[in-house]
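# Observations on the three-dimensional arrangement
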Amino acid sequence: MARDRGNSDNYVRPIRRLLVGLLVLCFLAVFVLWRIDSPRVERMRAQLIDRVMPSMEWALVPVTKVVGMVENFQSYQRIYEQNQELRRELRDMQAWKEAAVQLEQQNAKLRALNAVQLDPKLTSVSGLVLADSGSPFRQSVLINVGARDGIMDGWATTDGLGLVGRISGVGENTSRVILLTDSNSRLPVTVQPSGQRAILSGDNTARPPLEFIENPELVRPGDRVVSSGDGGVFPPNILVGQVALGPDRRLRVILSADYERLDYLRVLRTHEGERIVDPGSLIVPEEPLDTFAPSHDGTDVSDGEDTTGEDADTGAGDG
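### Overview of the side chain of Ser185
Of note, Ser185 is situated in the loop between strand E5 (175–179) and strand E6 (186–192). Judged by relative accessible area, which is 4%, Ser185 ranks as buried. Contacts of Ser185, omitting those with residues within four sequence positions, involve Leu179, Leu180, Leu200, Ser201 and Gly202.

### Regarding the sheet that holds strand E1 (residues 123–132)
Overall, antiparallel pairing links the six strands, which are arranged E1-E2-E5-E4-E3-E12 in a closed barrel. Between one strand and the next, the sheet's axes are offset by a mean angle of 45°, whatever the strand orientation. Bridging between E1 and strand E2 (residues 140–143) involves three bridges; their strand directions are antiparallel. Bridging from a neighbouring strand, Val129 pairs with Ile143 of E2.

### Thoughts on the pattern of salt bridges
Overall, the coordinates contain six salt bridges when judged by the stated rule. Close ionic contact of Arg148 with Asp149 constitutes a salt bridge, the shortest N to O distance being 3.7 Å. We classify Arg148 as exposed; its relative accessible area is 55%. Take Asp149: its relative accessible area is 27%, and that puts it in the partly exposed class. Among the ionic pairs, Asp203 bridges to Arg252, the shortest N-O distance being 3.0 Å. Highlighted residues: Asp203 in the loop between strand E7 (196–201) and strand E8 (210–211) and Arg252 in strand E11 (residues 251–255), separated in sequence by 49 residues. Residues joined in a network through salt bridges with shared partners are Asp203, Asp248 and Arg252.

### Considering the pairing of E6
Burial of E6 is extensive: five of the seven residues sit out of reach of the surface. Here six bridges tie E6 to E7, and the two strands are oriented antiparallel to one another. For Arg186, the partnering residue across the bridge sits in E7 and is Ser201. Here E6 hands over to E7 after three residues, with Gly195 in that stretch at a positive phi of 75°. For E6 and strand E9 (residues 224–227), the ladder comprises four bridges, and the chain directions are antiparallel. If you follow Val191 over to E9, its bridge partner there is Val225.

### As for the pairing of strand E12 (residues 264–269)
Counting buried positions along E12 yields five of six residues, so the element is predominantly enclosed. In this structure, E1 lies alongside E12, joined through six bridges in antiparallel fashion. Residue pairing across strands places Ser124 opposite Leu268, the latter belonging to E12. By the bridge criterion, two bridges tie strand E3 (residues 156–158) to E12 in an arrangement that is antiparallel. Considered in E12, the bridge of Thr158 is made with Arg266.

### Here's the deal with the nonpolar core
By size, the foremost hydrophobic cluster in this structure holds 20 residues, and its most contacted members are Leu163, Leu187, Val189, Leu200, Leu210 and Val240. Contributions of two or more residues to this core are made by E6, E7, strand E10 (239–245) and E11. In this view, Leu200 contacts Leu180, Ser185, Arg186, Leu187, Val189, Pro208, Pro209, Leu210, Val240, Val253 and Leu255; residues no more than four positions away in its chain are not counted. Listed in part, the 15 residues of the second largest apolar core include Val125, Ile151, Val177 and Val267.

Rules used throughout
Residues numbered from 1 in each chain as written. Predicted model: local features only at pLDDT ≥ 70, side-chain atom pairs only at ≥ 80, totals over all residues. Heavy atoms only, no water. Helix = DSSP H or I, 4+ residues; strand = E, 2+ residues; numbered from the N terminus. Buried < 20%, exposed > 50% of the residue type's maximum accessible area, 1.4 Å probe, protein only. Contact = heavy atoms within 4.5 Å. Pairing = 2+ DSSP bridges. Axes fitted to C-alpha atoms, helices over the stretch in contact; angles between N-to-C directions. Salt bridge = Lys/Arg side-chain N within 4 Å of Asp/Glu carboxyl O. Core = buried A, V, L, I, M, F, W, Y, C linked by side-chain atoms within 4.5 Å.

See the structure below:
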């Protein structure tokens with residue numbers, strides 16, 4: 001075995017040396033050929049390159065693929081970075097969009113408040129709703145206007161759609177509004193077009209009932225309900241809602257105000273109407289009691305005298 005290995009080494013080493021010598025000679029020949037500055041040699045070099053390079057394209061395919069993969073990876077990395085940047089911008093845009101939507105809603109509600117048609121004599125103060133009662137047994141909200149703004153108890157409040165409630169409790173900077181749905185709320189209303197008077201009684205539901213209707217047969221579902229102004233607490237002709245027939249077969253009112261989105265309220269300055277104390281010339285004064293009226297026998301008898309006793313004495317004397 002050792003002898004066979006020695007024989008193979010003796011054959012391989014000369015061949016290896018021969019191949020190395022041939023490669024060195026080829027490299028030297030190519031170097032010398034490329035260093036010769038001659039037009040003929042230049043043409044030969046060009047022909048050699050044209051002959052060899054097309055046949056070497058197969059060897060450049062892996063290199064081209066690797067270069068393309070590197071470029072694609074770099075392009076993917078740039079796309080990933082752009083995607084992350086776009087995601088951050090999108091999150092920022094979502095926050096701006098939410099803020100813009102909230103501002104648009106607030107602007108729409110303020111425009112709706114300004115669009116409410118009211119009596120020109122009525123002035124108002126707009127306030128922001130701070131909180132609600134959060135209780136099923138008490139329906140009220142808190143607004144950020146109070147005594148410093150001239151708010152007084154009993155004044156009516158509206159949103160952009162209809163009547164909401166009345167002021168019940170005034171602080172220096174805040175006021176509490178009792179809603180029409182509260183169980184303590186009672187509102188005199190008029191049903192149009194029949195003109196029937198009724199009382200809207202809150203019962204802590206979204207559709208309070210109508211009570212004490214003058215003639216219920218003249219009231220139909222869909223009729224318009226407005227404040228009547230009776231009692232001088234609420235101004236007249238402010239929209240309240242529409243009549244509807246409830247599941248309990250009672251006439252109820254679908255309120256026009258949006259109680260689910262009470263953000264801004266308008267407080268109406270209600271001025272007390274002029275009260276007539278002196279009847280003046282409208283009622284004829286009564287006649288005084290000390291006037292004299294003529295009697296049947298021609299003598300004057302005072303209205304306040306009792307003639308019964310005199311008649312009795314005269315009859316006794318005749319007898």
